[in-house]
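Coordinate analysis (summary)
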Amino acid sequence: MNWLKNKDTLYGFLVILPSLVLLGIFVYGFILQTFYTSLTDWGRDPAQALSANPQIRFIGFENYRELFTGFVDARFRQDLVNTFFFTLFFILGCLGVGLGLAIVLDRSPKGEGFFRTIFLFPMSLSFIVTGTIWRWMLQPQGGVNQLPTLVGLPKGDFAWLTSREQIWQVSWNDLPFLTALVVSAVLVFIALGAFRSGERRRGFIASGSAALLLLWAFTLGRTLQPLPYDEPHGFNLAFIGIILAAVWQMSGYTMALYLAGLRGIPEELREAARVDGASEWQLYQRIIFPLLAPITLSAMIILGHISLKIFDLIFAMAGADNAPTDVPALLMYLTTFRANQIAKGAAIGMILLLLVAAVIVPYLYSQLKSEVRR
Amino acid sequence: MRKFLLALVAAALGSLAVAQSGRLEIFSWWAGDEGPALQALIDLYKKRYPNVEVINATVTGGSGVNARAVLKTRMLGGDPPDSFQVHAGQELTGTWVVADRMEDLTPLFNQEGWMNRFPKGLIDLISYKGKIYSVPVNIHRSNVMWYNPAKLREWGVQPPKTWAEFLTTCQTLKGKGLEAPLALGENWTQQHLWESVALGVLGANDYTNLWNGKLRFNDPKVVAVWNTFGRVLDCANKDASGLSWQQAVDRVLDGTSAFNIMGDWAAGYMTTTKGLKPGEGFGWAPAPGTAGVFMMLSDSFGLPKGVKNRANVLNWLRLVGSKEGQDAFNPLKGSIAARTDSDPSKYNAYLQSAMRDWRNNRIVGSLVHGAVAPESFMSQFGTVMEIYLSGRNAQAASNAAQAIATQVRLGQ
């Protein structure tokens, strides 16, 4: 009990104790409870679903199996694909727009402060407000579709939020195979990097795993089919409207991050590069962008977890029932509170938690590690 | 000093308790255009019991789509509203009564002499194992097709009598440059259309058999329903999921579309909100293929177990079930009274026609509005609809519906 002797440590511990207890109960305790619920059959029997003292049986991972391979849960699988595309375009959009704005503002144009506020402002709104405004603007009969008429063109007829068109369709059955391909590509990339920096052991392990994974993908991976039939899933065009609104809201945030990063780059570095004869493009490509990489990573983590758990924006823009713009968080709400399938709702919640954890945990790990090193 | 303070706190708490006993919280989804009807009932209640503070806890969203989720969290959290609106039928019995959350209202029915005032079929619908669990306030018809008489004359078409005829009329109207002869709204109104198509294609017998388990969803007859439904959808507007049911009705009124299939709360909207005269401003016919059948749904109020103001709730239920209450509520709501002794002269032309049909027609229950299937089925039927809309595969949708029916033990 060495730390008890140090009074400061004791006080410190006492000060954070209440929040530790609260976190323990209301975050981690409830996560465990949700996990347990997801392993039961709560809600299968309508008579037990909402009774005061429901009889609940333990059924293991049955709910998860149904979600991924069950016949009636096609909507959940489409939602996962939706989340993937939404996350991808949302992050790319925010990073691209944010970086562009930051570079422009970094050149200190007139009224920089004014523009900085303008661009950062959308972030102060809640997603519900953003969603409501954009729903008005994306009405099929008005708003954005009327814009071309201002310059004398025929009005647009893009069904921003109600389109049912899907592009880039992939069968759910091909997913194990495709995932293996992507993972082995990443492994090969890691291996190449390792060889280049002379870490031969790491390189061999990475390339070996890649080879094994590829072997599996082309032999067994092709035969592993979760569903007995082909079920195509793709990118719903109705998401374009949602992505527009989300990017509008969050790109100001990435702009602020990037602007801080750009301002943090010492002028000497740029001047040195210019003296060495670097063109403006080379300056950005070789000096500035690499220095901005850590910022990009943090922004990706923040945006990534926002997009995985997004609920309110879509609820406000398209409603909970509009399946083309459905995401797992909305489905969790519908499954639990409308269909009374409480255990299955909990299972969807756990899958969401895993997805968010997959984004956050490696980041936290690397952050903690670098802090320790310091 | 401390004792004095304690006494003060006790007195404050005591007065609070008294104040609370004078409350009544009514939970419903009647807002906006349906609000005035509820307000009429509440006003009546206030006149009878001026000391009771009525809290109108409304959660907006057509057909209760949002209200039911809020209700569930409140019930599971042990904070039931004093009385809540629920569709009579499986939505009540299959969700709340089987879960043992409602009080038996049979004594109230006997006491008020309601047993021969409400039709027997309706009492069966709100009963579970011989006990009655809610007080129906109105009857709505679900299978109505609305149109604009002046516009139909202009286009030279008649309201179609069957779905086959509807599809021909649809082609005629498309030929006249009408983009979407059928106006359709968001998700639940699409399911609403489906039940009318199903009734029209299957007929009343097979439609009823669907809900008692005698006709399976993967039967070729039901697959045929999906096929017809798909062709009907081709006549509808593409931006359906962005429209509320009111906006869909508006499209018929302004002549963008020719027909709309919606329950007869649309009549309430067109007369009360839009100020139109039944028969002139808007016309109606049974949904194609469903003449002589009345697809009904009924809103009702129940008494959850463990409410704070039980006596006030019983008074509320007495008012809801009374002739006076029903005749104040229904003409504004655009529905007919659930009681058989209501005064027809208080109702407009449309509602009088609905009253006649209610007495003479064959009665079947609505799916989307909670009469024939429990909530667990209704809600997942939305997923079935999506399976159909994304792939237009009738067989796959039928199989999915059957899988869900098996899972929730429909008809058992």
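So, a few notes on the structure that sits alongside this text. As the structure is a prediction and not an experimental result, all values here were calculated from the model. Residue positions within a chain follow its written sequence, with the count starting from 1. Whichever chain is written first becomes A and whichever ligand is written first becomes 1, with later ones labelled in order. Totals for whole chains, interfaces and linings use every residue, but because this is a predicted model, local features are given only for residues with pLDDT of at least 70 and side-chain atom pairs only at 80 or more, for both listing and counting. Note that water and hydrogens are dropped before the side-chain values are worked out from all heavy atoms of the structure.

What to know about the packing of helix α2 (residues 35–48) of chain B against helix α14 (residues 323–333) of chain B
Residue and element names in this part refer to chain B. Orientation is described by lines fitted to C-alpha atoms, with helices fitted over the stretch in contact, and by angles between N-to-C directions that extend from 0 to 180 degrees. Only DSSP runs of H or I covering at least 4 residues are called helices, and only runs of E covering at least 2 are called strands; the numbering of each starts at the N terminus. α14 packs onto α2 with a crossing angle of 155° between their chain directions and a minimal axis gap of 7 Å. On the basis of their axis angle, the class for α2 and α14 is roughly antiparallel. Viewed along their axes, α2 and α14 form a crossing whose handedness is right-handed. In contact with Pro-36, Ala-37, Leu-38, Ala-40, Leu-41, Leu-44 and Arg-48 of α2, α14 contributes Glu-324, Gly-325, Ala-328, Phe-329, Leu-332 and Lys-333. Here the residues of the contact of α2 with α14 are counted per class, giving 9 nonpolar, 1 polar and 3 charged. By definition in this entry, angles of less than 35 degrees are roughly parallel, angles greater than 145 are roughly antiparallel, angles of 65 to 115 are roughly perpendicular, and the rest are oblique. Each helix crossing is assigned a hand: it is left-handed if the near helix lies turned anticlockwise from the far helix by less than a right angle, otherwise right-handed if that turn is clockwise. Only heavy atoms matter for contacts: two residues are in contact if any of them lie within 4.5 Å across the pair. Following the grouping adopted for this structure description, the nonpolar residues are Ala, Val, Leu, Ile, Met, Phe, Trp, Tyr, Cys and Pro, the charged ones are Asp, Glu, Lys and Arg, and the polar ones are all others, Gly among them.

Section: the interface of chain B and chain A
Contact residues are listed per partner, giving 35 residues for chain B and 26 residues for chain A. Here the buried area means the combined drop in accessible surface, using a 1.4 Å probe, for two parts upon being joined, counting both sides. Both faces considered, chain B and chain A share a buried interface measuring about 2,800 Å² in area, 55% of it formed by carbon and sulfur atoms. The salt bridge criterion pairs a side-chain nitrogen of Lys or Arg with a carboxyl oxygen of Asp or Glu, the two atoms within 4 Å. At the junction of chain B and chain A, the tally comes to 2 salt bridges. As a salt-bridge pair, Arg-409 of chain B and Asp-45 of chain A come within 3.8 Å of each other at their nearest N and O atoms. Pairs of N or O atoms within 3.5 Å make up the polar contacts considered here, provided that, within protein, one atom can donate a hydrogen while the other can accept it, and that residues adjacent in sequence are counted only when both atoms are side-chain atoms. Inspection of the chain B/chain A interface yields 11 residue pairs in polar contact (both at pLDDT 80 or more). Elements that contribute at least two residues to the side of chain B that touches chain A include exactly α3 (67–76), α4 (90–97), α16 (375–391) and α17 (394–407) of chain B. The element contributing the most residues to the side of chain B that touches chain A is α16 of chain B, with 8 residues. Looking at the side of chain B that touches chain A, its residues break down into 12 nonpolar, 14 polar and 9 charged.

What to know about the state of the cysteines
Residue and element names in this part refer to chain B. Sulfur atoms of two cysteines make up a disulfide when they are within 2.5 Å. Following the criterion strictly, the structure yields 1 disulfide over all chains and no others. Residue Cys-170 pairs covalently with Cys-235 via a disulfide, S to S 2.1 Å. Residues Cys-170 and Cys-235 share a disulfide whose torsion about the S-S bond is about -105°; that sign makes it left-handed. Taken together, the residues span a long stretch of sequence, with Cys-170 in helix α8 (residues 163–175) and Cys-235 in the loop between α10 (220–233) and α11 (245–253) at a distance of 65 residues.

Notes on the layout of surface pockets
All names here are of chain A. As a volume, the second largest pocket reaches approximately 1,200 Å³. Grid points spaced at 1 Å over the protein atoms alone were grouped into cavities, where a 1.4 Å probe fits but cannot get out, and pockets, open sets with protein on both sides within 12 Å along at least five of seven lines, with lining residues defined by an atom within 4 Å of a point. Along the wall of the second largest pocket there are 28 residues; nearest its centre are Leu-80, Phe-84, Phe-85, Thr-179 and Leu-355. Elements with a minimum of two residues in the lining of the second largest pocket: α5 (74–106), β1 (166–171), α9 (175–196), α14 (280–308) and α17 (342–373). Among the elements that make up the lining of the second largest pocket, the one with the highest residue count is α5 (9 residues). Residues of the lining of the second largest pocket, tallied by class, amount to 22 nonpolar, 6 polar and no charged. Grid points are joined across faces, edges and corners, and a volume is the space filled by probe spheres set on the points.

Comments concerning unusual backbone geometry
All names here are of chain B. Positive phi outside glycine occurs at Lys-129, with the angle close to 50°. Looking at where Lys-129 falls in the secondary structure, it is placed in the loop between β4 (127–128) and β5 (131–132). Only protein chains enter the accessibility calculation, which uses a 1.4 Å probe; a residue is then buried when its area is under 20% of its type maximum, exposed when over 50%, and partly exposed in between. According to the relative accessible area criterion, Lys-129 is exposed, its value standing at 72%. The phi angle at Arg-409 is positive, at roughly 55°, despite the residue not being glycine. Mapped onto the fold, Arg-409 is located in the segment after α17. Among the residues examined, Arg-409 registers a relative accessible area of 42% and is labelled partly exposed.

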